[in-house]
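Working through the structure, step by step
Here are the chains, one letter per residue:
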Number of protein chains: 2
Amino acid sequence: MRDVAVIGIGMTKWGELWEKSLRDIYVETALLAMKDAGIDKLDSMYIGSMSSGLFVGQEHLASMLADYLGQAPIPAVRVESACVSGGLAVRLGFMEVASGISDMVLVSGIEKMTDVSGNEATYALGTAADQEYEGYQGITFPGLYSLMARAHMHKYGTTREQLAMVAVKNHKNGSKNPLAQFPFEVTVDTVLNSVMVADPLRILDCSPITDGAAAAVICSLETAKKLNKPIIKIIGTGHATDMIQLAHRKDLTWLNATYLSGKQAYEMAGKKPKDMDFAEVHDCFTIAEICVTEALGFTEKGKGGKIVESGETSMGGRIPVNPSGGLKSKGHPVGATGVAQVVEIVKQLRGEAGERQVKDAKIGIAQNMGGSGGSTVCHIFERE
Amino acid sequence: MRDVAVIGIGMTKWGELWEKSLRDIYVETALLAMKDAGIDKLDSMYIGSMSSGLFVGQEHLASMLADYLGQAPIPAVRVESACVSGGLAVRLGFMEVASGISDMVLVSGIEKMTDVSGNEATYALGTAADQEYEGYQGITFPGLYSLMARAHMHKYGTTREQLAMVAVKNHKNGSKNPLAQFPFEVTVDTVLNSVMVADPLRILDCSPITDGAAAAVICSLETAKKLNKPIIKIIGTGHATDMIQLAHRKDLTWLNATYLSGKQAYEMAGKKPKDMDFAEVHDCFTIAEICVTEALGFTEKGKGGKIVESGETSMGGRIPVNPSGGLKSKGHPVGATGVAQVVEIVKQLRGEAGERQVKDAKIGIAQNMGGSGGSTVCHIFERE
């Protein structure tokens, strides 16, 4: 296994991009990453997308995007694992480069979600749950995460206010991210008084529906050095699955796939949670970030609410979580999210994050999760 | 790169399986492959599926299937490249084992297509074309392949009867395949008098809509030898893309992605087209097999119609093509097809193909194609 580095990143402003089609958004983003890397030829491409079929009626996605990016006839693979599609594209690209099969690989993610109605988008997102059992009962994702939130509040005394503090922190970070969909601050009061979605989760506890893409160019460390690029190494990767149904899990508050994939990544990197300078995690709902910080070992089981309240996960705290603004403020084009985490981590490690720069950032972890935690991918990055 | 072997295969009877759900079909098939391999634990899984979102409302497919197969928390990846999703699952699994990342990987494909109406299935399949250009004009796959057929007839003098002979040959082979959806013979006259779909293609020129899955267990050659299994090695792999739109190609009759992926696989295997004892190829329409046999080098450009007429691609001929019955007779659950080709090749190389056994088969090639040829994967297998 060779060492692998990220040498280029690309992302454009996320939001309701009605004036652009999926392929436009993709090509614009991919070209930014290739320009940043200083290359114009790829060996292969991985594209994460959850449901281009349901959202825009386009499958055979990798072939179409390789063609429109001017890269056909190279191999191009679309991977899907709901909201972890992007993280999985990163992992497969990493494996292809690490194994020596290819040297220059574009890893990317995209989702165009706002060309359909809200109901259609909710249906499409609901296909990440167990369709025959959870879907059949009519439960959608805010409902599933509200069950996790209630269980966490019941078991550990997590408060409604602590949930809100995740949104407050991430929107504060996101207000300094010019590419964020909702770059504004919110207060605990605003969150607590926002529209109810699935008790106890309100609209400001939920990540939005977003159009967007993200891309990164990865290659062997050797090639990265030859190209004289700022070098950010991928030093750990992990991937695990869990029961897809919430009802099948022993503990609604414990994200076992996050725990296991994090453990794999830490072990591969030879690092511990305390070695992380910051993290980009999957805050699709406020409760998700609370559970994730526990499963990644940033705090003990049950204390995810307390560390957000204490400020330990804020900028300047012990372990800043979601300096980018997270899914909550930056937006959540589901297939793109895992790659956007990589974009933020590389910016932070290069010292290019501007007003939201994490001081002396040398190591960062990305955690990207599908469904209610049925699949998770983690990656650890280090500045050389 | 380590040598890789197939040590287990699984496939059940294909057809309109209304009494079984997607997960039932999958688990039944995967367990057959694991039983054949004599193993009950996997390191990771790849699942090819084109559009489980549009066909059954289930994305996050790999997580769900790993769970229902009792294999969670192992990594599970769904890949999509339209009708080459299955072939791509084989390729990625191969790469994971060859690189030493994993040792025991299940590669598989599934599609449950008959739970929706014919119109909905046609729409879902149409998402493999360029949605904004080809789809917008209302063209679906029989139309696209009919353009290729007309171009081939015009340029090379291929006859309507030669197209029919592909169906006659493949149904004859498929009549000896107990797992085929349509295991009956047809005559040239039946084909020529069957219902018109898109001139010149009639219903018996088209592969059917099918529910089905296929699976194979692959591992390192070293492990295969320890397990004392009949060893079928994967000695070559290739993957290429092409312009997704037919209108963008220089020559409607030439499948460049098939040519390139075949070339990669031949070169990796150190073999030539003439070294192949038989082939399983992507006859989604009769014209497709004619074009594929040219692009794989079984005959010269333009002579694909002539070699079917001469009997060279029949059982007992120079290079039997689609001994399984092909997509035409066996059925075409799109995401499963590429893996079913592997199942047939392994059966042939093990000498377990019964009435349709290719004599002294030692080397076979599988060619699996997406859309109108926008992506293709080829694999070459050799009996040790």
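To start, this report covers the structure provided alongside it. (Residues numbered from 1 in each chain as written. Chains lettered and ligands numbered in written order. Predicted model: local features only at pLDDT ≥ 70, side-chain atom pairs only at ≥ 80, totals over all residues. Heavy atoms only, no water.)

1. Points about the pairing of strand β8 (residues 232-241) of chain B
Residue and element names in this part refer to chain B. Taking burial as the measure, the 10 residues of β8 include 10 buried ones, the bulk of the element. Summarising the sheet, β8 and strand β11 (residues 375-383) pair through 9 bridges and their orientation is antiparallel. Its bridge partner being in β11, Ile234 is matched across the sheet by Phe381. (Buried < 20%, exposed > 50% of the residue type's maximum accessible area, 1.4 Å probe, protein only. Helix = DSSP H or I, 4+ residues; strand = E, 2+ residues; numbered from the N terminus. Pairing = 2+ DSSP bridges.)

2. Remarks on the relation of the copies chain A and chain B
Note on the copies: chain A fits chain B at an RMSD of 0.0 Å, the axial shift is 0.0 Å, and the rotation between them is 180°. Such a turn and shift between the copies fits a two-fold axis. Taking C-alpha positions as reference, the residue of chain A nearest the rotation axis is Val79 of chain A, located at 2.3 Å. Taken as a fraction of all interface residues of chain A, those also at the interface in chain B reach 100%, which identifies the copy contact as same-surface. (Least-squares fit on C-alpha atoms with pLDDT ≥ 70 in both. Contact = heavy atoms within 4.5 Å.)

3. What to know about helix α6 (residues 141-156) of chain B
All names here are of chain B. The terminal C-alpha atoms of α6 lie 22 Å apart, and with 16 residues this matches the ideal 22 Å at 1.5 Å per residue to within 8%. Turning to α6, its buried residues are Phe141, Gly143, Leu144, Tyr145, Ser146, Met148, Ala149, His152 and Met153. One or two positions beyond α6, positive phi appears at Gly157, with a value near 75°. (Expected span 1.5 Å × (residues − 1).)

4. Some remarks on helix α14 (residues 337-350) of chain B
Residues and elements named next belong to chain B. Under the 1.5 Å per step criterion, the end-to-end length of α14 is 20 Å for 14 residues, consistent within 8% with the ideal 20 Å. In terms of residue burial, α14 counts as a mostly covered element, since 14 of its 14 residues are buried. Looking one or two residues past α14, Gly351 carries a phi angle of roughly 75°, positive in sign.

5. Re the environment of His248 of chain A
If you trace the backbone, His248 of chain A turns up in the loop between β8 (232-241) and α11 (256-269). Leave out the neighbours within four places in its chain, and His248 of chain A touches Met243 of chain A together with Tyr68 of chain B.

6. Some thoughts on the pattern of salt bridges
All names here are of chain A. The full count for this structure, using the stated rule, is 52 salt bridges over all chains. For Asp103, the salt bridge identified is with Arg2, shortest N-O distance 3.3 Å. Here Asp103, found in the loop between α4 (85-98) and β4 (104-112), pairs with Arg2, found in the segment before β1 (4-11); they are 101 residues apart in sequence, far enough to count as distant. Residue classification places Arg2 among the partly exposed residues on the basis of a relative accessible area of 30%. (Salt bridge = Lys/Arg side-chain N within 4 Å of Asp/Glu carboxyl O.)

7. Remarks on the environment of Arg2 of chain A
Residues and elements named next belong to chain A. Taking the C-alpha atoms as reference points, Arg2 and Val97, 95 residues apart in sequence, are found 7.4 Å from one another. Look past the residues within four positions of Arg2 in its chain and what remains in contact with it is Val97, Ala98, Gly100, Ser102, Asp103 and Ser220. Side chain to side chain, Arg2 and Asp103 meet in a polar contact 3.3 Å long. (Polar contact = N/O pair within 3.5 Å; in protein donor to acceptor, adjacent residues only side chain to side chain.)

8. Comments concerning the nonpolar core
Judged by nonpolar contacts, the single largest core of 87 residues is most densely connected at Met45, Leu106, Tyr145, Ile287 and Phe298 of chain A. Apart from the residues lying within four places of it in its own chain, the contact partners of Ile287 of chain A are Tyr145, Met148, Ala149, His152, Leu163 and Leu201 of chain A. Membership of the second largest hydrophobic core comes to 86 residues, among which are Ile74, Ala129, Ala224 and Val334 of chain B. (Core = buried A, V, L, I, M, F, W, Y, C linked by side-chain atoms within 4.5 Å.)

9. Focus: the interface of chain A and chain B
Each side of the interface is counted separately: chain A has 59 residues, and chain B has 59 residues. Overall, the association of chain A and chain B removes approximately 4,400 Å² of surface from exposure, summing both partners, and the carbon and sulfur fraction of that is 54%. Our count for the contact surface shared by chain A and chain B stands at 6 salt bridges. Between Glu80 of chain A and Arg78 of chain B there is a salt bridge, and its shortest N-O distance comes to 3.0 Å. There are 36 residue pairs in polar contact (both at pLDDT 80 or more) connecting chain A and chain B. (Buried area = accessible area lost by both parts, 1.4 Å probe.)

Remember that the coordinates give geometry; whether it matters functionally is a separate question.
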